[in-house]
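Observations on the model geometry
Next come the chains, spelled out residue by residue.
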Amino acid sequence: MDPLKQFRDELKAEYQTTKKFFEIYPEDKNEYSPHPKSMKMAHLATHIAEIFGWAGFMLNSSELDFAKSSLRPKLLTTREDLLKVLEDNYKSSKEALEKATEKDLEPSWSLKNDGQTLSSWTKYGAIRHSLSQITHHRAQLGVYYRLNDIQLPGSYGPTADLQSF
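Notes on the structure in this doc start here.

Each value, and the rule that gives it
Residues numbered from 1 in each chain as written. Predicted model: local features only at pLDDT ≥ 70, side-chain atom pairs only at ≥ 80, totals over all residues. Heavy atoms only, no water. Helix = DSSP H or I, 4+ residues; strand = E, 2+ residues; numbered from the N terminus. Rg over C-alpha atoms; globule rule 2.2 N^0.38 Å. Axes fitted to C-alpha atoms, helices over the stretch in contact; angles between N-to-C directions. Parallel < 35°, antiparallel > 145°, perpendicular 65-115°, else oblique. Contact = heavy atoms within 4.5 Å. Nonpolar A, V, L, I, M, F, W, Y, C, P; charged D, E, K, R; others polar. Pairing = 2+ DSSP bridges. Salt bridge = Lys/Arg side-chain N within 4 Å of Asp/Glu carboxyl O. Buried < 20%, exposed > 50% of the residue type's maximum accessible area, 1.4 Å probe, protein only.

1. Details of the overall build of the protein
Helix and strand counts for the protein stand at five helices and three strands. From first element to last, N terminus to C terminus, the protein shows the α and β order α-α-α-β-α-β-β-α. Since a compact globule built from 165 residues should have a radius of gyration of about 15 Å, the 16 Å found for the protein is in line with a globular shape. Judged by the C-alpha coordinates and their principal axes, the protein covers about 45 × 35 × 25 Å.

Structural data, given as structure tokens:
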């Protein structure tokens, strides 16, 4: 079993599916959210695009400390910008996964806030978590689309809107 190949294959599949969602992104719905506690659609889509860069970031670092990092969330509001960031982040993670060895998956990687550890995994576990985050948040985006009568592309099979695989 080759975990790096599995990660590359899964990242590619998630990229291809997410690209279909972004190709129909409704730019006139950036401020939409189904509930006051829910993210706005533009923020959610931006977050999904950014997650595609996490595997590369995790392989090349040991932690992310929100209070000490210069990384700041962006806000992408156009289909074109979402697709560009998705593509760029996918490529950077794909390249990092191609260069990595199984040994690179063993060290610890932590998510922190001002030095306080919020979560910690092996790099394998952190990357696994990031791939799950893509699926989770894209499913949320699918609900937003459904609530706005936007036809859903298939993720892992046909939808009520599109019966093809």
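2. Focus: the packing of helix α2 (residues 41–51) against helix α4 (residues 79–99)
Close contact between α2 and α4 brings their axes to 7 Å; oriented N to C, the two are set at 20°. It follows that α2 is roughly parallel to α4 by the angle criterion. Of the residues in α4, those touching α2 at Ala45, Thr46, Ala49 and Glu50 are Leu82, Val85, Leu86 and Asn89. A class-by-class count of the residues in the contact of α2 with α4 yields five nonpolar, two polar and one charged.

3. With respect to the pairing of strand β2 (residues 108–113)
Relative to β2, strand β1 (residues 63–65) runs parallel, the two being bridged by three bridges. In the sheet register, Leu64 faces β2, and the bridge partner there is Leu111. Relative to strand β3 (residues 116–122), β2 runs antiparallel, the two being bridged by six bridges. The partner of Lys112 across the bridge, within β3, is Thr117. Two successive antiparallel strands, β2 and β3, enclose a turn made up of two residues, where Asp114 displays a positive phi of approximately 55°.

4. Some points on the pattern of salt bridges
On inspection of all chains with the given rule, the structure shows nine salt bridges. The salt bridge partner of Lys94 is Glu98, with a shortest N-O separation of 3.6 Å. Taken together, the residues span about one helical turn, with Lys94 and Glu98 both in helix α4 at a distance of four residues. Looking at Glu98, the relative accessible area reads 46%, which means it is partly exposed. With its nearest N and O atoms 2.8 Å apart, the salt bridge here joins Asp161 to Arg146. With Asp161 in the segment after α5 (123–147) and Arg146 in helix α5, this pair connects stretches of sequence that are 15 residues apart. Residue classification places Arg146 among the partly exposed positions, given a relative accessible area of 36%.

5. Remarks on unusual backbone geometry
The backbone of Asp114 sits at a positive phi, close to 55°, despite the residue not being glycine. With respect to the helices and strands, Asp114 occurs in the loop between β2 and β3.

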